[in-house]
Amino acid sequence: MSVSVLEGMYAAEAEYFATGDFAPLEQFFAPDFVLHQAEGLPFGGVWRGHDGLRRFFAAMSRTWAVFELGEQAFLSTTSPLVVLTNVRARARATGRELEFPILQTITVADGHITEVRPFYWDTAAIAAACSA
């Protein structure tokens, strides 16, 4: 069940980056959802609830012209899930392209994502690529 929630969420996330429509994403997240992003990133900080998630995705859209999720490995399929994702991205401000892994722990309860903690391989390289 938890993996299917993530697969649906990842499809909705790809749709968001293609269309800017947040509505398909909201259904996957609990109202009291919490996202912890590394402070050194252009979109760093703690994002809470559906409003915080909307603001986070807006910040991501301002940061990245392209943000594509590639190969994914589900390292744990019970909550908290652990997902290793390869990302290909192009920074909007500089046009620089990066490929990097993200390891995420994702807590799911009652069919909704309640918490996400992503761990980036090199936050300094990401921040530098996004700075004009």
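So, a few notes on the structure that sits alongside this text. All of these numbers come straight from a predicted model, not from anything done at the bench.

**Points about a nonpolar patch on the surface**
Thinking step 1. A cluster of nonpolar side chains, contributed by Leu75, Leu84, Leu103 and Phe119, occupies part of the molecular surface with about 350 Å² of accessible area.
Thinking step 2. With respect to the secondary-structure elements, Leu103 resides in strand β5 (residues 97–109).

**Some words on the environment of Phe43**
Thinking step 1. Here Phe43 shows up in the loop between β1 (29–37) and β2 (45–48).
Thinking step 2. Assessed through its relative accessible area of 1%, Phe43 is described here as buried.
Thinking step 3. When the C-alpha positions of Phe43 and Tyr120 are compared, they lie 13 Å apart, and in sequence the two are 77 residues distant.

**Focus: the side chain of Gln104**
Thinking step 1. Take Gln104: it is sitting in strand β5.
Thinking step 2. Ignoring sequence-local partners within four residues, the contact set of Gln104 consists of Tyr10, Leu81, Val82, Val83, Val116, Arg117 and Pro118.

**Some thoughts on the pairing of β5**
Thinking step 1. What you see with β5 is a clean split: Leu98, Phe100, Ile102, Gln104, Ile106 and Val108 sit on the buried side and Glu97, Glu99, Pro101, Leu103, Thr105, Thr107 and Ala109 on the side with no burial.
Thinking step 2. Here ten bridges tie strand β4 (residues 81–91) to β5, and the two strands are oriented antiparallel to one another. For Arg90, the partnering residue across the bridge sits in β5 and is Glu97.
Thinking step 3. Turn length for the β4-β5 hairpin, with the two strands adjacent in sequence and antiparallel, is five residues, and the turn residue Gly95 shows positive phi of about 80°.
Thinking step 4. By the bridge criterion, eight bridges tie β5 to strand β6 (residues 112–120) in an arrangement that is antiparallel. Of the residues in β6, the one forming a bridge with Ala109 is His112.

Thresholds, definitions, all that
- Residues numbered from 1 in each chain as written.
- Predicted model: local features only at pLDDT ≥ 70, side-chain atom pairs only at ≥ 80, totals over all residues.
- Heavy atoms only, no water.
- Patch = residues over 30% accessible without salt bridge, like charges linked within 9 Å, V, L, I, M, F, W, Y side chains within 5 Å.
- Areas by Shrake-Rupley, 256 points an atom, 1.4 Å probe, with all protein chains shown as cover.
- Salt bridge = Lys/Arg side-chain N within 4 Å of Asp/Glu carboxyl O.
- Helix = DSSP H or I, 4+ residues; strand = E, 2+ residues; numbered from the N terminus.
- Buried < 20%, exposed > 50% of the residue type's maximum accessible area, 1.4 Å probe, protein only.
- Contact = heavy atoms within 4.5 Å.
- Pairing = 2+ DSSP bridges.

Purely geometric stuff here, so don't read any function into it on its own.
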